[in-house]
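Residues per chain are reported as follows:
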Amino acid sequence: MLIEKDMDLMQKLHILGDAAKYDVSCSSSGVDRRGDGKSLGNCLSAGLCHAFAGDGRCISLLKILLTNECIFNCRYCANNCNRADTPRATFTPEEVCQLTVEFYRRNYIEGLFLSSGIRISPLVTMEAIYQTVHQLRNVHHFYGYIHVKAIPGAPPELIEKTGYLVDRMSVNLELPTGEGLRHLAPNKNRKTLLTPMRQIQNLRQRNDQAFLPNSGSGQRNIKKQEDASLPGTLYGQKLPARKGQWESREKVQGFVPAGQSTQMIIGATPESDYQIMKVSEGLYDRFQMKRVYYSAFCNVTEDTTLPMPVTGPPLLREHRLYQADFLMRFYQFKIDELLSEDKPNFNVFLDPKCDWALRHLEQFPVEIMRADYQTLLRVPGIGVKSAKRIVAARRSAILDYQDLKKMGVVLKRALYFITCNGRQMYPVKVEEDYILSNLLNSENRAVREIGPVYRQLSLFDDQKATLTEDGILVLDA
Amino acid sequence: MKIFVCEDSLEGIFTGVYDAWAAAGPHTEKRLITGDTWNMELFAEYVTVLPDAKKAEKVIRTLKSRLGYEAYEQLCYAAMSDAIDKADAIYHTIVTAFSMRDSKRVFQNMHDPAVMRCFALGRTVGGEATHHLEFIRFCELENGVLFARCTPKNRITLVLAEHFSDRFPSENFIILNATHHEAVLHAAGEHTYILCDSEALLQEQPGAYSETEELFQDLWKDYFEAMTIEDRRNEKLQRQLFPKRYWKDSVELKDKA
């Protein structure tokens, strides 16, 4: 192991920032906390992204590892203990605090995301994370957003103590199935990962009940669902500002107020999209996750036994999973509607919503002036915001296609699935093949990237476009 | 047609609303414009409106109580826009609101062109304001003052002042809006901030950096570069989310701007 002595701050930040970048979560959302008039910082429930790196991912939090020394040998991870040539570094709590505060004052970041390699033992690692966060909150009076990893295997009391200091906690599920985990991360197992998740969930629930003594947990759940349908505000809590030691205000701040999240690596193991999404549905339903992140597998360890696609990480697949994730969280879709055992993977060419609509043409076209909110949400090209606007605006006026466009409806997708005052935008056939070929021609980037699809010119519009199981587009006359 | 020429400020526009409302004739025959560059029209009567704090105050009070705070805020955002038709859109939105049974629902009435326009203006301004909350960068000067410079299209100084006064209560900071020649001055421990005409600030250099400033800038630049996953490089997406016009006032991408 390469451990250099007397490394300066610049080298450490470089190594430990670089090592943390494969963690996906960078959101700073979920808590609304006004400044207290003295301490540094506040939080906005919608979150702010302060920069975007060269790969287009946002940099909202100072995402670093406390140390990249690690006793585990997860095969997908650049910091695994068998890699002798990885330079190793460890921050002191003071250095982390200084970086966070100084970056925050210059408006570079929205807060801190602290993760860590497992140094010596989970207990020692979690203790170091706790000390750092404790110092940041109580010595530097930092009031901004903090997200930390709960280290699986650390004592529950330590996780609980840390949870009262931070806004969000996460435990990475790493791989969708226990099988994959055994294979790639021999030191981790499903049970030790799920234990802290369950603990965080239970403490949060107890905490929620303490917050709202007059409303039963049933009402609370309804409120959660309503809020979950609002874009941008992921059930943000309004919290009053308090003074003094952070622990003494734990009753106000609460336990992990912005909730917990997790992430899965996609494409390192052979699971289907259906399996992945089923796991993620379970995490949302049974663990009340705020977010599940999907991370396209990059073979950073250059392990030849793991997939090493020449086309790079499976980014399109990752994109489809996120689309389905949003359909599940904001559009009231169930995964079994989108995928099934027989059709376990998403369509490469079409987004999951269009794909679903094409398979359920019997439910279309939908009349804009009359359809209820849930039905509008299911129309491709209509999002949560535009559906809400339509429902509000049609109370006072008869809408036309111009209005819809201004409200944010994407007409090039929606026009096949809607009527407005009984009329289509222009006459189109509500037929699967016709709509599919039009949708693909008009916008689909995937098709353009894959290359043109040639076919014989025809006087009659009778060609059929079908997608085979392997995602190949076949056009026949 | 009666055209009311207002000063380009919240006070000016709301005074214009007051005067136009009080003037004789149907609302469709009245129009509001702001600023001093516009095309003259034949057969129109021009009325110059002098900003009047009392009249504006009355309008604001009425708007808050009749339209509700959210709609009022939306109108204020529209008023910060750099569009020339904003005052007219605001006026006719208010007219529409008062003709509705429930004026609080005015922004649901998206079929109305003025309301739609106000909504669109508010959305643009809000978007730019959020971008500025995210992308402006402070540097620490020798005397410990934090200084940031920005060049927004819309007059969003007030939004920045609100946000950063709440966020940095114990810092001395200056945010200079170089487009509109305004600055936010915030003194540590004070809850107030001042917007002033910043011609003088524009002339002077903000002053030398503090000792550690360059270190932290370099740390940030290095960290920013290290965060890119090379396998996923996608500069088009980066430009889409972090538009190039913000790069020149940033630290990490200043050299590429």
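To be clear, the structure that these remarks concern was listed above.
Given the structure is predicted, the values throughout are model-derived calculations rather than measurements. (Residues numbered from 1 in each chain as written. Chains lettered and ligands numbered in written order. Predicted model: local features only at pLDDT ≥ 70, side-chain atom pairs only at ≥ 80, totals over all residues. Heavy atoms only, no water.)

Enquirer: Teacher, can you tell me more about the nonpolar core here?
Expert: Nonpolar side chains tend toward joint burial in soluble globular proteins. Of all hydrophobic cores here, the largest spans 193 residues; its most connected members are F103 and L404 of chain A. The greatest single-element share of this core, amounting to 11 residues, is contributed by helix α2 (residues 53–79) of chain B. F103 of chain A has contacts with L13, L62, Y108 and I109 of chain A together with F216, L219 and W220 of chain B, leaving out every residue within four places of it along the chain. (Core = buried A, V, L, I, M, F, W, Y, C linked by side-chain atoms within 4.5 Å. Buried < 20%, exposed > 50% of the residue type's maximum accessible area, 1.4 Å probe, protein only. Helix = DSSP H or I, 4+ residues; strand = E, 2+ residues; numbered from the N terminus. Contact = heavy atoms within 4.5 Å.)

Enquirer: Teacher, can you tell me more about the environment of I276 of chain A here?
Expert: Residues and elements named next belong to chain A. Secondary-structure assignment places I276 in helix α9 (residues 273–287). Using a relative accessible area of 2% as the deciding quantity, one classes I276 as buried. Sequence separation between I276 and L175 is 101 residues, and the spatial gap between their C-alpha atoms is 8.9 Å. Each residue touching I276, except ones within four places of it in the same chain, is listed here: P176, M264, I266, E271, Y294, R317 and L321.

Enquirer: Could you clarify how one ought to interpret the packing of α2 of chain B against helix α3 (residues 86–99) of chain B in this entry?
Expert: For any two helices packed against each other, one specifies the crossing angle of their axes together with the interaxial distance. Residue and element names in this part refer to chain B. Their axes nearest at 11 Å, the elements α2 and α3 cross at an angle of 160°. Relative to α3, the element α2 is oriented roughly antiparallel. Both α2 and α3 take part in a crossing whose hand is right-handed. Facing α2, whose interface residues are T62, L63, R66, L67, L75, A78 and A79, α3 presents K86, I90, T93, I94, A97 and F98. (Axes fitted to C-alpha atoms, helices over the stretch in contact; angles between N-to-C directions. Parallel < 35°, antiparallel > 145°, perpendicular 65-115°, else oblique. Left-handed = near helix turned anticlockwise from the far one by under 90°.)

Enquirer: Can you walk me through the sheet that holds strand β2 (residues 30–34) of chain B in this structure?
Expert: Pairing between the strands of a sheet is mediated by backbone hydrogen bonds and can be parallel or antiparallel. All names here are of chain B. Ordered by their spatial adjacency, three strands build an open sheet running β2-β1-β3, and the pairing between neighbours is parallel. Pairing within the sheet leaves two strands with one partner each, and these edge strands are β2 and β3 (45–48). Neighbour-to-neighbour, the strand axes of the sheet open up by a mean angle of 25°, direction not taken into account. Bridge analysis of strand β1 (residues 2–6) against β2 gives five bridges, and the strand direction is parallel. From the neighbouring strand, K2 faces β2, where its bridge partner is K30. (Pairing = 2+ DSSP bridges.)

Enquirer: Explanation requested: the interface of chain A and chain B in the structure shown.
Expert: Many analyses report the size of an interface as the accessible area lost when the parts associate. The interface is formed by 59 residues belonging to chain A together with 53 residues belonging to chain B. Across the chain A/chain B interface, buried area totals approximately 5,100 Å², and carbon plus sulfur atoms make up 58% of it. Three residues stand out in chain A for area buried against chain B, namely R105, R106 and Y108 of chain A, and they jointly supply 14% of the buried area on that side. The tally of links between chain A and chain B comes to six salt bridges. The shortest N-O distance in the salt bridge between E140 of chain B and R106 of chain A comes to 3.7 Å. Counting across the chain A and chain B interface gives 29 residue pairs in polar contact (both at pLDDT 80 or more). (Buried area = accessible area lost by both parts, 1.4 Å probe. Salt bridge = Lys/Arg side-chain N within 4 Å of Asp/Glu carboxyl O. Polar contact = N/O pair within 3.5 Å; in protein donor to acceptor, adjacent residues only side chain to side chain.)

Enquirer: For this particular structure, what's the right way to read α9 of chain A?
Expert: The α-helix advances 3.6 residues per turn, and as a result positions three or four apart in sequence lie on the same side. All names here are of chain A. The end-to-end C-alpha separation of α9 is 20 Å, in line with the 21 Å expected for 15 residues at 1.5 Å each. Of all 15 residues that make up α9, 11 are buried, and the element is covered over most of its length. Residues of α9 that are buried: D273, Y274, I276, M277, V279, S280, E281, G282, L283, Y284 and F287. Once α9 ends, the next one or two residues include Q288, with phi positive near 45°. (Expected span 1.5 Å × (residues − 1).)

Enquirer: How should I be thinking about the sheet that holds strand β12 (residues 291–296) of chain A in this particular structure?
Expert: Residues and elements named next belong to chain A. Pairing is parallel across the open sheet formed by six strands, whose spatial order is β5-β7-β8-β9-β11-β12. Strand pairing shows two members of the sheet lacking a second neighbour, β5 (61–65) and β12, which therefore form its edges. On average, each strand axis in the sheet is tilted by 20° relative to the strand beside it, whichever way the strands run. Alignment of strand β8 (residues 145–149) against strand β9 (residues 168–170), held across three bridges, turns out to be parallel. Bridging from a neighbouring strand, V148 pairs with M169 of β9. The sheet contacts of helix α3 (residues 122–138) involve β7 (111–115), β8 and β9, and relative to β8 the element is tilted by about 175°.

Enquirer: Which parts of the structure should I look at to understand unusual backbone geometry?
Expert: Here the amide bond leading from F364 of chain A into P365 of chain A is cis, since omega sits at -5°, within 30 degrees of zero. Even without being glycine, N107 of chain A reaches a positive phi, approximately 65°. Along the chain, N107 of chain A falls in the loop between α2 (93–105) and β7. Here N107 of chain A falls in the buried class, since its relative accessible area comes to 0%. Despite not being glycine, F43 of chain B has its phi angle at roughly 55°, a positive value. Relative to the helices and strands, F43 of chain B resides in the loop between β2 and β3.

From the geometry alone we can't say anything about function, so treat these as descriptive.
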